[in-house]
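In case you want the letters, here they are:
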Amino acid sequence: MTGRLPQSPAFAALDRAAAERILILDGAMGTQIQQLRLGEDDYTGRGSGHVCRHHSDHPQQGNNDLLVLTQPQAVEEIHYRYAMAGADIVETNTFSATTIAQADYGMQDAVHDLNVEGARIVRRALDRATAQDGRPRFVAGAIGPTNRTASISPDVNNPGYRAVTFDDLRVAYLQQARGLIEGGADILLIETIFDTLNAKAAIFACIQAMEAHGQALPLMISGTITDASGRTLSGQTPTAFWHSVRHARPWSVGLNCALGASAMRPHLAELAGVAETNICAYPNAGLPNAFGQYDEGPQDTAVQVAEFAREGLVNVVGGCCGTTPDHIRAIAEAVAQFTPRKVPEYA
């Protein structure tokens, strides 16, 4: 879809790195933010000197994306710790940085700044890490699914109703993608996809943003299997999901969130069997307990992810909910002995 555009410099560098070894993605952002025990004043910046210039009458505690503006040093330090733990690719703290998701906090006007600064903060963290060990690292602009679905009605009494349209999503994602590119993202990562129609809007928007930028960036796409049926929330199997996004020729496709590594494995194997591109997997640290906490330790997660590598299923691995820098370090060490999956060529 972006074949007529020249590739960004990150494309060739990422391809070289992926040909040599299994690459490492970072871990959970929310887990690390929770450990900071931030209050309302921290989120708005009143307690740190970084008062947000965007005003809202809504409470902001829990709006983790806003921290790139109000707690930039804390966010940068989290990114830096993941880089030093072994991550080659580090995601921006912009999972909910769209006008659709930020509407819950009345922070739609902040979206451009959230994405630009989100990418710049990661770049600073990675530059610090690379200055220490010389390893190149890549900024992945994180694009989440939003809190609305284009395929399913939220009203059981009106199955034809939709809370969002395809074009609503496209416009919101386009603003996000442009901001991430402006901030210096090397990669655009559409993640935690539960509704493929949402993902298609994000893909369309990313391509539009790349065209405006004049260069093609590597595109990573990651879906989520929501239950034991092996399907996304909008009803697709991994194979169907791949064929729905294959036209974008993503640099990678994969699965993240919802499941721990052992439960993810059969669905990942199915995807690896059909996808003509790199495979990326970043599972949760097991399933949450009754208190919403994740009990699976770094070595437990690493052993399971190493099985993905041993079976030749993956090119990129990392962690999602509940994972920490210690998890990422353990995963990086566990997969280092294995070669990356051989990528089939597009027909």
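Analysis parameters
Residues numbered from 1 in each chain as written. Predicted model: local features only at pLDDT ≥ 70, side-chain atom pairs only at ≥ 80, totals over all residues. Heavy atoms only, no water. UniProt positions renumbered as here; feature names shortened; annotations may be inferred. Buried < 20%, exposed > 50% of the residue type's maximum accessible area, 1.4 Å probe, protein only. Contact = heavy atoms within 4.5 Å. Helix = DSSP H or I, 4+ residues; strand = E, 2+ residues; numbered from the N terminus. Pairing = 2+ DSSP bridges. Axes fitted to C-alpha atoms, helices over the stretch in contact; angles between N-to-C directions. Right-handed = clockwise from strand over helix to strand, strands pointing away. Core = buried A, V, L, I, M, F, W, Y, C linked by side-chain atoms within 4.5 Å. Disulfide = S-S within 2.5 Å. Phe/Tyr/Trp six-rings, centres within 6.5 Å; stacked < 30°, edge-to-face > 60°. Lys NZ or Arg CZ within 6 Å of the ring centre and 35° of its normal.

## Observations concerning the UniProt feature "binding site: Zn(2+)" (unreviewed entry) in the protein chain
So, point 1. Per the UniProt record, "binding site: Zn(2+)" (unreviewed entry) is found at Cys 257, Cys 320 and Cys 321. Taking the farthest pair of C-alpha atoms as the criterion, the annotated set spanning 65 residues converges on one region, since that pair is 6.4 Å apart.
So, point 2. The class for Cys 257 is buried, based on a relative accessible area of 16%.
So, point 3. If we ignore the near neighbours within four places in the chain, the residues touching Cys 257 are Thr 192, Thr 224, Met 264, Tyr 282, Asn 284, Cys 320 and Cys 321.
So, point 4. Looking at Cys 321, the relative accessible area reads 26%, which means it is partly exposed.
So, point 5. Apart from the residues lying within four places of it in its own chain, the contact partners of Cys 321 are Ala 28, Thr 31, Cys 257, Asn 284, Ala 285 and Tyr 294.

## Considering the environment of Lys 342
So, point 1. As for its position among the elements, Lys 342 is in the segment after helix H13 (325-335).
So, point 2. Residues Lys 342 and Ala 125 lie 217 residues apart in sequence; the distance between their C-alpha atoms is 31 Å.

## As for the sheet that holds strand S5 (residues 219-223)
So, point 1. Pairing is parallel across the open sheet formed by eight strands, whose spatial order is S1-S8-S7-S6-S5-S4-S3-S2. Of all strands in the sheet, those with a lone pairing partner are strand S1 (23-24) and strand S2 (89-91), marking the two edges.
So, point 2. The pairing of strand S6 (residues 252-260) with strand S7 (residues 278-284) spans six bridges and is parallel. Paired with Asn 256 across the bridge in S7 is Tyr 282.
So, point 3. Against the sheet, helix H8 (residues 166-183) touches strand S3 (138-143) and strand S4 (187-193), its axis set at about 165° to S3.

## A look at the pairing of S5
The side chains of a regular strand alternate between the sheet's two faces.
So, point 1. Burial of S5 is extensive: five of the five residues sit out of reach of the surface.
So, point 2. Residues of S5 alternate between two faces, with Leu 219, Ile 221 and Gly 223 on one and Met 220 and Ser 222 on the opposite face, all of them buried.
So, point 3. Sheet topology note: the S4/S5 ladder contains four bridges and is parallel. Bridge pairing links Leu 189 to Met 220 in S5.
So, point 4. One ladder, built from four bridges, connects S5 with S6; its direction is parallel. Bridge pairing in S6 links Gly 223 to Leu 255.
So, point 5. Crossover connection from S5 via helix H10 (residues 238-245) to parallel S6: handedness right-handed.

## Observations concerning the pairing of S6
So, point 1. Taking burial as the measure, the nine residues of S6 include eight buried ones, the bulk of the element.
So, point 2. With respect to chirality, the unit in which S6 leads through helix H11 (residues 261-274) into the neighbouring parallel S7 is right-handed.

## Let's talk about the nonpolar core
So, point 1. Core analysis: the largest hydrophobic core is formed by 109 residues, its most contacted members being Ile 89, Leu 188, Leu 268 and Val 314.
So, point 2. Residue contacts for Leu 188: discarding those within four places in its chain leaves Gly 141, Ile 143, Ala 177, Leu 180, Ile 181, Cys 206, Met 210, Leu 217, Pro 218, Leu 219 and Met 220.

## Examining the side chain of Ser 8
So, point 1. Considering the arrangement of structural elements, one finds Ser 8 in the segment before helix H1 (9-20).
So, point 2. By relative accessible area, which is 7% here, Ser 8 ends up buried.
So, point 3. In contact with Ser 8, not counting residues within four places along its chain, are Gln 215, Ala 216, Leu 217 and Pro 218.

## Comments concerning the environment of Val 314
So, point 1. The residue Val 314 is located in the loop between helix H12 (298-310) and strand S8 (316-317) in this model.
So, point 2. What makes Val 314 buried here is its relative accessible area of 1%.
So, point 3. A sequence separation of 118 residues divides Val 314 from Thr 196, and the C-alpha atoms of the two residues are 22 Å apart.
So, point 4. Aside from chain neighbours lying at most four places away, what touches Val 314 is Ile 22, Leu 268, Ile 279, Ala 281, Phe 308, Ala 309, Pro 340 and Arg 341.

## Side note on the UniProt feature "domain: Hcy-binding" (unreviewed entry) in the protein chain
So, point 1. In this numbering, the UniProt entry assigns the feature "domain: Hcy-binding" (unreviewed entry) to residues 11-335.
So, point 2. In residues 11-335, helix accounts for 45% and strand for 13%; the two terminal C-alpha atoms are 23 Å from one another.

## Side note on the state of the cysteines
So, point 1. Here the structure, examined in full by the defined rule, presents zero disulfides.
So, point 2. Residue Cys 320 stays outside any disulfide, its sulfur separated by 4.0 Å from that of Cys 257, the closest cysteine.

## Quick notes on the packing of aromatic side chains
The geometry of an aromatic ring pair is captured by the separation of the ring centres together with the interplanar angle, meaning the angle of the planes.
So, point 1. By the definition in use, this model includes two aromatic pairs.
So, point 2. For the pair Phe 166 and Phe 204, a centre-to-centre distance of 6.4 Å together with 35° between the ring planes defines the contact as tilted. Note that Phe 166 is positioned in helix H8 and Phe 204 in helix H9 (residues 196-213), a separation of 38 residues in sequence.
So, point 3. On the basis of relative accessible area, Phe 166 is assigned to the partly exposed category, the value being 29%.
So, point 4. Taking the relative accessible area as the measure of exposure, Phe 204 reaches 41% and is therefore partly exposed.
So, point 5. Their ring planes at 35° and their centres at 6.4 Å tell us that Trp 242 and Tyr 346 sit as a pair that is tilted. Taken as a pair, Trp 242 in helix H10 and Tyr 346 in the segment after H13 lie far apart in primary sequence, 104 residues in all.
So, point 6. On the basis of relative accessible area, Trp 242 is assigned to the buried category, the value being 0%.
So, point 7. Sitting over the ring of Tyr 80, Arg 128 keeps its end group 3.9 Å from the ring centre.
So, point 8. Here the guanidinium or amino end of Arg 249 rests over the ring plane of Tyr 346, the centre of that ring lying 4.2 Å away.

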